[in-house]
Amino acid sequence: MSKFYKAKGKAMYAKVFQPDTQFNSNGVYSVDLIKPEAEAAELSDFLEGMVKQRLAEEKKMDSKVRLATHLPFSPNIDKDGNETGEIKFKFKLDAKVNGRNGVYEQKPVVVDAKRKPMSGDNLIGNGSIVQVAFEPRTWVASGKCGVKLHLKAVQVVNLVEYGNNAEALFEDEDGYTEERVQKDNAQDYSFEDEATANAQGDF
């Protein structure tokens, strides 16, 4: 039985409604999840542990094997090339897979904070707060050993609509700040309805 885990953080470059075919003609769904280093430690340690266990298994079968490690996370870098003090995790799902019985298609489930399916009319912009359900699978290929984070579902907790991300366009400046919040734009989220079915652990 597959084990699914959940991780919550800030979404970047979410392509979860339509697969990206730029580098893979079969298409790939993906999202980067950004977490502060302190909050990311548990997940990164868990994934490193999976790779170390797989390496040990490979060496048990062949004591002479030498494999480099490949991890699906790295320090987050800003536009000036500086580390931000955050860790970026990469989640992916192949849109088409060559299985034993031929080619089959798959896609991640995308829901809102109340677990209602999202149509894709409102794309997920950078800075949105999301929760990702994923299945980690270790692999060995081309002299490397790693773990891939297979994207299964995305829950959008706080949406920053694509194309309206002011944080990506401007830097903070000294000056006027808006104190009043428009009632129509205020959003009150309850986390009691967040999906937990089939989840083995939260990060």
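The structure reproduced in this document is the subject of the present report.

Scoring rules and cut-offs
Residues numbered from 1 in each chain as written. Predicted model: local features only at pLDDT ≥ 70, side-chain atom pairs only at ≥ 80, totals over all residues. Heavy atoms only, no water. Helix = DSSP H or I, 4+ residues; strand = E, 2+ residues; numbered from the N terminus. Buried < 20%, exposed > 50% of the residue type's maximum accessible area, 1.4 Å probe, protein only. Contact = heavy atoms within 4.5 Å. Phe/Tyr/Trp six-rings, centres within 6.5 Å; stacked < 30°, edge-to-face > 60°. Expected span 1.5 Å × (residues − 1). Bend = angle between axes of the 7 residues up to and from the residue. Core = buried A, V, L, I, M, F, W, Y, C linked by side-chain atoms within 4.5 Å. Polar contact = N/O pair within 3.5 Å; in protein donor to acceptor, adjacent residues only side chain to side chain. Pairing = 2+ DSSP bridges.

Turning our eyes to something else, we now look at the overall build of the protein. When helices and strands are tallied, the protein shows 2 helices and 11 strands. If you list the helices and strands of the protein from N to C, you get β-β-α-β-β-β-β-β-β-β-β-α-β. By residue count, 33% of the 203 residues in the protein fall in the buried class. Counting contacts in the protein only where the partners sit at least 6 residues apart, residues at least 24 apart contribute 71% of the total.

This next bit is on the packing of aromatic side chains. Taken as a whole, this structure holds 6 aromatic pairs when the rule is applied. Between F46 and F203, the aromatic rings sit 5.3 Å apart at their centres with planes inclined by 35 degrees, giving tilted as the arrangement. One end of the pair, F46, is in helix α1 (residues 37–61); the other, F203, is in the segment after β11 (199–202), with 157 residues separating them in the sequence. A network of ring pairs unites the aromatic residues Y5, F46, F91, F134 and F203 as a single cluster.

Attention now moves to α1. With 25 residues, α1 extends 35 Å from end C-alpha to end C-alpha; this agrees with the ideal 36 Å at 1.5 Å per step. Taken as a whole, α1 carries its principal kink of about 30 degrees at L43. Among all positions in α1, only A40, L43, S44, L47, M50, V51, R54, L55 and E58 are buried.

Bringing the nonpolar core into the picture now. The nonpolar side chains of a soluble globular protein tend to be buried with one another. Core analysis: the biggest nonpolar cluster contains 32 residues, and F89, F91, I124 and F134 have the highest contact counts within it. Of all the elements in the fold, those that place two or more residues in this core are β1 (4–20), β2 (28–36), α1, β5 (83–94), β9 (129–141) and β10 (144–158). Setting aside its immediate chain neighbours within four residues, F89 contacts V31, D32, L33, K35, A40, L43, S44, L47, P72, F73 and L149.

What follows concerns the side chain of E135. Inspection of the secondary structure puts E135 in strand β9. At a separation of 3.1 Å, a polar atom in the side chain of E135 contacts the side chain of R137.

Another aspect to go through is the pairing of β10. By the bridge criterion, 3 bridges tie strand β3 (residues 68–70) to β10 in an arrangement that is parallel. Looking across to β10, one finds that H70 is bridged to G146. As judged from the 3 bridges shared by strand β8 (residues 109–111) and β10, these two strands associate in the parallel manner. Paired with V111 across the two strands is Q155, which belongs to β10. Relative to β10, β9 runs antiparallel, the two being bridged by 13 bridges. Looking across to β10, one finds that Q131 is bridged to Q155. Where β9 folds back onto β10 in an antiparallel hairpin, the turn is made up of 2 residues, including S142, whose phi is positive at roughly 50 degrees.

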